[in-house]
Amino acid sequence: MDLGIAGRTALIVGGSGLIGRAVASALLSEGVKVVLAGRDAERLAAVAKGLGGEPGTVTLDNRDQASVNAAVDTISEIDILVNSAAPPAHTLDPALDHNPEQILAAVDAKTIGYLRAMHAVLPRMRANGFGRVVNISGQNAFTTRTVVGSVRNSAVITASKALADAYVASGVTINVVNPAIVTAKPRNGIEPATGGDSTPQQVAGLVVYLASIHAAAITGESIAVGHRVLGVQ
């Protein structure tokens with residue numbers, strides 16, 4: 001299937017991460033020009049080299065709007081934005097799960113970071129009459145086992161839907177992809193009240209489809225990858 005995005009340009013914020021790398025590889029295979037973004041220039045360069053040296057790279061800190069704006073201004077066209085830059089859940093301190101400061105920091109690093117990138121890119125997409133935004137959230141949004149995970153992920157979903165509604169009929173779509181655990185070797189079983197494992201490539205497959213011309217009528221959606229929380233409607 002021709003996804004109709006060859007020659008388009010994608011900015012992947014969090015491009016050196018597990019999911020970002022897989023998305024970059026999948027988009028490159030579709031003829032998309034890819035720019036990897038993140039805070040660590042050396043790590044970005046290493047990932048770009050591992051992908052054949054095809055992607056461009058740009059450093060930015062999505063905790064700083066000026067940094068995001070400056071990076072975006074170096075890229076002539078951005079047709080696709082993938083937000084996947086956020087501290088992994090296992091790096092958050094479980095002992096501080098109810099701590100307002102950790103919750104605030106987690107929301108800023110993920111939800112607000114994603115909003116900063118969208119703030120910089122969406123007006124350009126509207127002006128061009130085409131844009132695809134895919135935000136990586138997570139299935140913690142559907143559970144209450146962790147306050148930090150629930151708040152930061154559900155906030156991504158809510159903000160994305162609100163922006164999708166604001167950009168209706170503009171040619172710009174905004175969707176959320178929710179993996180549970182992402183691993184090279186997914187487990188076969190699923191425990192109650194948990195989501196199923198998925199590979200980075202499986203996550204990337206959905207992201208790339210949502211970026212395609214065939215997904216033009218899909219916007220404001222939140223879609224799970226891996227079995228959506230077992231036992232929850």
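Throughout what follows, the structure given in this document is the object of discussion.

Cut-offs and rules
- Residues numbered from 1 in each chain as written.
- Predicted model: local features only at pLDDT ≥ 70, side-chain atom pairs only at ≥ 80, totals over all residues.
- Heavy atoms only, no water.
- Helix = DSSP H or I, 4+ residues; strand = E, 2+ residues; numbered from the N terminus.
- Rg over C-alpha atoms; globule rule 2.2 N^0.38 Å.
- Buried < 20%, exposed > 50% of the residue type's maximum accessible area, 1.4 Å probe, protein only.
- Contact = heavy atoms within 4.5 Å.
- Lys, Arg positive; Asp, Glu negative; His and termini not counted.
- Charge placed at Lys NZ, Arg CZ, Asp CG, Glu CD.
- Phe/Tyr/Trp six-rings, centres within 6.5 Å; stacked < 30°, edge-to-face > 60°.
- Lys NZ or Arg CZ within 6 Å of the ring centre and 35° of its normal.
- Polar contact = N/O pair within 3.5 Å; in protein donor to acceptor, adjacent residues only side chain to side chain.
- Pairing = 2+ DSSP bridges.
- Axes fitted to C-alpha atoms, helices over the stretch in contact; angles between N-to-C directions.

## Observations regarding the overall build of the chain
Next up, step 1: Scanning the chain for helices and strands turns up six helices and seven strands.
Next up, step 2: Mapped in sequence order, the helices and strands of the chain form the string β-α-β-α-β-α-β-α-β-α-β-α-β.
Next up, step 3: Taking 17 Å as the expected radius of gyration for a compact globule of 233 residues, we find that the chain reaches 17 Å, a close match to that expectation.
Next up, step 4: Considering the chain as a whole, with its 233 residues, one finds that 50% of them fall into the buried category.
Next up, step 5: Pairs at least 24 residues apart make up 69% of the contacts formed inside the chain by residues separated by at least 6 positions.
Next up, step 6: A distance of 3 Å separates the average location of the 18 positive side-chain charges in the chain from that of its 18 negative side-chain charges.

## Brief notes about unusual backbone geometry
As a rule of thumb, non-glycine residues mostly have phi less than zero, and peptide bonds are mostly trans rather than cis.
Next up, step 1: In this structure, Ala169 is a non-glycine residue whose phi angle is positive, near 60°.
Next up, step 2: Within the secondary structure layout, Ala169 lies in the loop between helix H5 (147–166) and strand S6 (172–179).
Next up, step 3: One non-glycine residue, Ala193, lies in positive phi territory at about 65°.
Next up, step 4: Along the chain, the position of Ala193 falls in the loop between S6 and helix H6 (200–211).
Next up, step 5: Classification of Ala193 as partly exposed rests on a relative accessible area of 36%.

## Focus on the packing of aromatic side chains
Next up, step 1: Summed over all chains, the structure comprises zero aromatic pairs.
Next up, step 2: The positively charged end of Arg8 is found above the aromatic ring belonging to Phe130, 3.8 Å away from the centroid.
Next up, step 3: The lysine or arginine in question, Arg126, covers the ring of Tyr167, its NZ or CZ lying 4.0 Å from the ring centre.

## A look at the side chain of Arg116
Next up, step 1: Considering the arrangement of structural elements, one finds Arg116 in helix H4 (residues 100–128).
Next up, step 2: Contacts of Arg116, omitting those with residues within four sequence positions, involve Asn62, Arg63, Asp64, Gln65, Val68 and Asp108.

## Points about the side chain of Asn175
Next up, step 1: Turning to its location among the elements, Asn175 is positioned in strand S6.
Next up, step 2: Separated by 3.2 Å, the side chain of Asn175 and the backbone nitrogen of Gly220 make a polar contact.
Next up, step 3: At a separation of 2.9 Å, a polar atom in the side chain of Asn175 contacts the main-chain amide nitrogen of Glu221.

## Considering the sheet that holds strand S1 (residues 9–13)
Next up, step 1: The strand order across the open sheet built from seven strands is S3-S2-S1-S4-S5-S6-S7, with neighbouring strands paired in parallel fashion. Strands at the two margins of the open sheet, each flanked by one partner only, are strand S3 (56–59) and strand S7 (222–225). In this sheet, adjacent strand axes meet at a mean angle of 20° when their direction is disregarded.
Next up, step 2: Across four bridges, the pairing between S6 and S7 is parallel. Following the sheet pairing, Pro179 is matched in S7 by Val225.

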